[in-house]
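Each chain, written out:
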Amino acid sequence: MKKQRTWHDNMNNVIRDVLFPDAELKGLMCIPDGQRNNLREFIGRYFIEDALPDEPVTDEKVRVIWYETEGAALGTVHVLRKYLAFDVYVHNDCLYNVSSDRLKRRDKQIGQRLKELLTGKSHVCGLRFQYVDEYHLGAKTIGYRRYHIVFSYVTTW
């Protein structure tokens, strides 16, 4: 029997129906107002799927690079725990101007918003995300900071 909807379809729905419509996330990502309603622009310039970006940031104040990692079997080969990772790149010029509290960092606020959107309900577009960890990573691009946040979810086949 052919599946009507795949796990990849579910992930596309998360982006299309949960992350892209969220005005707060797009504001935190410094997306200009004129580009906030274009899904292709969103995934092409600001919220990019790429496990090993060669040049992740040079032309945007904020860019989120996301990718899924290889799954680990959970007791049987038919059940896998997959990991969804986000690297949030923020230019130093807008790192500390996210609110009147000048100690709040934009990259951490984006991470917090991703946590709220992905774990705020028991299931999001057929996926049950669990928060795993978040931490700073080095950025090879001069003038940018990189913040890493990881979620997990389970798939079957």
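Structure first, text after, so check above.
The following paragraphs examine the structure supplied in this document.

**Points about the overall build of the protein chain**
When its secondary structure is counted, the protein chain shows four helices and five strands. The C-alpha radius of gyration of the protein chain comes to 16 Å, within 12% of the 15 Å expected for a compact globule of 157 residues. Of all 157 residues assigned to the protein chain, the portion counted as buried reaches 39%. Counted over contacts in the protein chain with a minimum sequence separation of 6, partners at least 24 positions apart contribute 56%. Element-wise, carbon and sulfur atoms account for 49% of the exposed surface of the protein chain, whose accessible area totals about 9000 Å². Of note, the protein chain has its 24 positive side-chain charges centred 4 Å away from the centre of its 21 negative side-chain charges.

**What about the packing of helix 1 (residues 7–19) against helix 4 (residues 106–119)?**
The geometry of helix 1 relative to helix 4 is characterised by a closest axis approach of 11 Å and an angle of 110 degrees between their N-to-C directions. With respect to their mutual orientation, helix 1 and helix 4 come out roughly perpendicular. On helix 4, the residues touching Val 14, Val 18 and Leu 19 of helix 1 are Leu 114, Leu 117 and Leu 118. When its residues are assigned to classes, the contact of helix 1 with helix 4 shows six nonpolar, no polar and no charged.

**Section: the pairing of strand 3 (residues 79–91)**
One ladder, built from 10 bridges, connects strand 2 (residues 62–73) with strand 3; its direction is antiparallel. Looking across to strand 3, one finds that Arg 63 is bridged to Tyr 89. Hairpin connection from strand 2 to strand 3: five residues lie between these consecutive antiparallel strands, with Gly 75 at a positive phi of about 80 degrees. Here 13 bridges tie strand 3 to strand 5 (residues 144–156), and the two strands are oriented antiparallel to one another. Counterpart to Arg 81 in the pairing with strand 5 is Val 154.

Parameters and conventions
Residues numbered from 1 in each chain as written. Predicted model: local features only at pLDDT ≥ 70, side-chain atom pairs only at ≥ 80, totals over all residues. Heavy atoms only, no water. Helix = DSSP H or I, 4+ residues; strand = E, 2+ residues; numbered from the N terminus. Rg over C-alpha atoms; globule rule 2.2 N^0.38 Å. Buried < 20%, exposed > 50% of the residue type's maximum accessible area, 1.4 Å probe, protein only. Contact = heavy atoms within 4.5 Å. Areas by Shrake-Rupley, 256 points an atom, 1.4 Å probe, with all protein chains shown as cover. Lys, Arg positive; Asp, Glu negative; His and termini not counted. Charge placed at Lys NZ, Arg CZ, Asp CG, Glu CD. Axes fitted to C-alpha atoms, helices over the stretch in contact; angles between N-to-C directions. Parallel < 35°, antiparallel > 145°, perpendicular 65-115°, else oblique. Nonpolar A, V, L, I, M, F, W, Y, C, P; charged D, E, K, R; others polar. Pairing = 2+ DSSP bridges.

Function cannot be read off these values alone, since they describe shape.
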